[in-house]
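Single-letter residue listing:
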Amino acid sequence: MTDYKNLKLIASSSPHIRAKDDTRSIMIDVCIAMLPALFVSCFVFGIQALVLTLVSVVSCVFWEWLYRKLMKKSCSVGDFSAVVTGMLLAFVCPVSLPWWAIVIGAFFSIVVVKQLYGGIGCNFLNPALAGRAVLVASYAGAMTTWVTPAEKIAVFGSAADVATGATPLALMKDGAFDQLPEMVDMFLGFIGGSLGETSAAALLVGFVYLLIRKVISWQIPVAYIATVAVVSLISAPAGIGAVDYMLYSIFGGGLMLGAIFMATDYATSPVTKPGQLIFGIGCGLLTVFIRRFGSYPEGVCYSILVMNCCTWLLDKYIKPTIYGAPKKEKKEAAAK
């Protein structure tokens, strides 16, 4: 016989949704999806890629723990969100970046961008991209030094003697189309660049995993990449074929990484499907414009950050239809 006096009942307001997923499980899935890109970066750049990633992850976890400890708040490092931020921050940095620099970037990402606004879900900018933007502004030389593939650097010590080279996007920016690497190398990741963005193949594996696990939806990544593809195809400069220019624009730089892992961040992207499509298109247009008309050869970081600032606007004016409500009430609700 049921003991109703000791039965624990939980009363909550609607809607009542039951799901096995929580923040921790979602963040662990994201970490798993990034492992193929991490493996490729370690193969191409050596053990230093793993060391830089570990330093970034440990720094992010430490800064989050320390801040919440000092502010007398509950510890939140167990949700793995700081681990995801640490991996993404390392992925958008060159493998030769000094460890102390990425510790500074981790502090800005976690404390300034995330915790000062209330913690996970309250930030309006992607923490890893904001940290990268600060590092580029503060240490431009270190953040734009690209180690050539298979050029292993020491775990400790200076990387001054390591061979470096231009990224494919930098070569296209300078019009040096004859020096571009093979398309196969671009796709597999045997090119210079940030340690987590070089291999489009590895990132696509992570994308498929996230779709299967239903962690993200296809709207933002597909709209983002398709916009860059279409605009690049119709605006190819002289000296290179339109299709080749489009493929180099897609596989080069951080487009795949940004579209799959950063533009889809729950807290900084729209909640509605139409809003996500517009968000992805906006990111794509800004990326192409920055690459073609700006002084910087890459535009993924700043395009996503700009669109993050527009997310509230998309959520305000693009609202789902109220089920069962009269047309007049639907229009009034959409106008609010």
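It should be emphasised that the depicted structure is a prediction, and the values quoted were computed from it without experimental measurement. (Residues numbered from 1 in each chain as written. Predicted model: local features only at pLDDT ≥ 70, side-chain atom pairs only at ≥ 80, totals over all residues. Heavy atoms only, no water.)

A.B. asks: Can you lay out the overall build of the protein chain for me, pointing to particular residues and giving the numbers?
C.D. replies: Each helix and strand in the protein chain was counted, giving 16 helices and zero strands. Going through the 336 residues of the protein chain one by one, you find that 49% of them count as buried. With the model as given, the accessible surface of the protein chain reaches about 16,900 Å², and the carbon-plus-sulfur share is 67%. (Helix = DSSP H or I, 4+ residues; strand = E, 2+ residues; numbered from the N terminus. Buried < 20%, exposed > 50% of the residue type's maximum accessible area, 1.4 Å probe, protein only. Areas by Shrake-Rupley, 256 points an atom, 1.4 Å probe, with all protein chains shown as cover.)

A.B. asks: Give me the packing of helix H5 (residues 127-138) against helix H14 (residues 300-308): which residues, what numbers.
C.D. replies: Put simply, H5 and H14 touch, their axes get as near as 10 Å, and they point 125° apart. By the angle between their directions, the pair H5 and H14 is classed as oblique. For the pair H5 and H14, the sense of crossing is left-handed. Residues Leu129, Ala130, Arg132, Ala133 and Val136 of H5 pack against Cys301, Tyr302, Ile304 and Leu305 of H14. When its residues are assigned to classes, the contact of H5 with H14 shows eight nonpolar, no polar and one charged. (Axes fitted to C-alpha atoms, helices over the stretch in contact; angles between N-to-C directions. Parallel < 35°, antiparallel > 145°, perpendicular 65-115°, else oblique. Left-handed = near helix turned anticlockwise from the far one by under 90°. Contact = heavy atoms within 4.5 Å. Nonpolar A, V, L, I, M, F, W, Y, C, P; charged D, E, K, R; others polar.)

A.B. asks: With reference to specific residues and values, describe helix H10 (residues 219-234).
C.D. replies: Look at H10: 22 Å from first C-alpha to last across 16 residues, which is about the 22 Å you get at 1.5 Å a residue. All of the buried residues along H10 are Gln219, Ile220, Pro221, Ala223, Tyr224, Ile225, Thr227, Val228, Ala229, Val231 and Ser232. Each element contacted by the buried residues of H10 is listed here: helix H9 (200-212), helix H11 (242-251), helix H12 (255-262), helix H13 (273-293) and H14. (Expected span 1.5 Å × (residues − 1).)

A.B. asks: Any chance you could break down unusual backbone geometry for me, citing the residues and the numbers?
C.D. replies: Excluding glycine, residues mostly have negative phi values, and the peptide bonds linking residues are mostly trans. Even without being a glycine, lysine 72 presents a positive backbone phi close to 60°. Here the phi dihedral of lysine 214 falls at roughly 60°; this positive angle occurs in a residue that is not glycine. By secondary structure assignment, the location of lysine 214 is in the loop between H9 and H10.

A.B. asks: Lay out helix H3 (residues 81-91) in plain terms, naming residues and giving numbers.
C.D. replies: Burial analysis of H3 places eleven of its eleven residues in the buried class, which makes it a mostly covered element. Those residues of H3 that fall on the buried side of the exposure criterion are Ser81, Ala82, Val83, Val84, Thr85, Gly86, Met87, Leu88, Leu89, Ala90 and Phe91. Where the residues of H3 are buried, they touch helix H1 (23-45), helix H2 (47-70), helix H4 (99-114), H5 and H12.

A.B. asks: Break down the pattern of salt bridges for me, citing the residues and quoting the values.
C.D. replies: Oppositely charged side chains can form a pair if their charged atoms are brought close together. All told, the structure shown has three salt bridges when counted by the stated rule. Here glutamate 64 ties to lysine 114 by a salt bridge, and the two come within 2.8 Å at their closest N and O atoms. You can see glutamate 64 sitting in helix H2 and its partner lysine 114 sitting in helix H4, a full 50 residues away along the chain. Neither glutamate 64 nor lysine 114 differs from the other in exposure class; each is buried. Across the pair arginine 291 and glutamate 298 runs a salt bridge whose closest N-O atoms are separated by 3.0 Å. Arginine 291 gets classed as buried once you look at its relative accessible area, which sits at 9%. (Salt bridge = Lys/Arg side-chain N within 4 Å of Asp/Glu carboxyl O.)

A.B. asks: How would you explain the nonpolar core if you had to name every residue and give the values?
C.D. replies: Taken as a class, soluble globular proteins show a tendency for nonpolar side chains to be buried jointly. If you look at the biggest cluster of nonpolar residues, it comprises 90 residues, and the most contacted ones within it are Tyr224 and Phe261. Counting residues per element, this core draws most heavily on H1, which supplies ten residues. Not counting residues up to four positions away in its chain, the partners in contact with phenylalanine 261 are Val30, Ala33, Met34, Leu88, Leu203, Gly206 and Leu210. (Core = buried A, V, L, I, M, F, W, Y, C linked by side-chain atoms within 4.5 Å.)

A.B. asks: Could you give an account of the side chain of threonine 198, naming the residues involved and the relevant values?
C.D. replies: Counting through the fold element by element, threonine 198 comes out in the loop between helix H8 (183-188) and H9. A polar contact is formed between the side chain of threonine 198 and the backbone oxygen of glycine 189, at a distance of 3.5 Å. With residues near it in sequence (within four places) discarded, threonine 198 still touches Phe45, Met186, Gly189, Ile191, Gly192, Gly193 and Phe251. (Polar contact = N/O pair within 3.5 Å; in protein donor to acceptor, adjacent residues only side chain to side chain.)

A.B. asks: Which residues make up the packing of aromatic side chains, and what values do they have?
C.D. replies: Centre distance and the angle of the planes are the two values used to describe a pair of aromatic rings. For the coordinates displayed, the defined rule picks out nine aromatic pairs. Residues tryptophan 63 and phenylalanine 107 carry aromatic rings whose centres are separated by 5.0 Å and whose planes lie at 75° to one another, so their mutual orientation is edge-to-face. Placement of tryptophan 63 in helix H2 and of phenylalanine 107 in helix H4 is noted, with a sequence separation of 44 residues between them. Take phenylalanine 107: its relative accessible area is 36%, and that puts it in the partly exposed class. Ring centres 5.3 Å apart and planes at 65° place the aromatic pair phenylalanine 187 and phenylalanine 251 in the edge-to-face group. With phenylalanine 187 in helix H8 and phenylalanine 251 in helix H11, this pair connects stretches of sequence that are 64 residues apart. Residue class for phenylalanine 251 comes out buried when judged on its relative accessible area of 14%. Pairwise contacts between aromatic rings join Phe62, Trp63, Trp65 and Phe107 into one cluster. (Phe/Tyr/Trp six-rings, centres within 6.5 Å; stacked < 30°, edge-to-face > 60°.)

A.B. asks: Break down the packing of H1 against H9 for me, with residues and values.
C.D. replies: When two helices pack together, their arrangement is given by the angle between their axes and by how far apart the axes lie. Look at H1 against H9: their axes get within 8 Å of each other, and the N-to-C directions meet at 165°. With respect to each other, H1 and H9 are oriented roughly antiparallel. Between H1 and H9 lies a crossing of right-handed hand. Mapping the contact onto sequence places Asp29, Val30, Ile32, Ala33, Pro36, Ala37 and Val40 in H1 and Ala202, Leu203, Val205, Gly206, Tyr209 and Leu210 in H9. Residue classes in the contact of H1 with H9 are distributed as eleven nonpolar, one polar and one charged.

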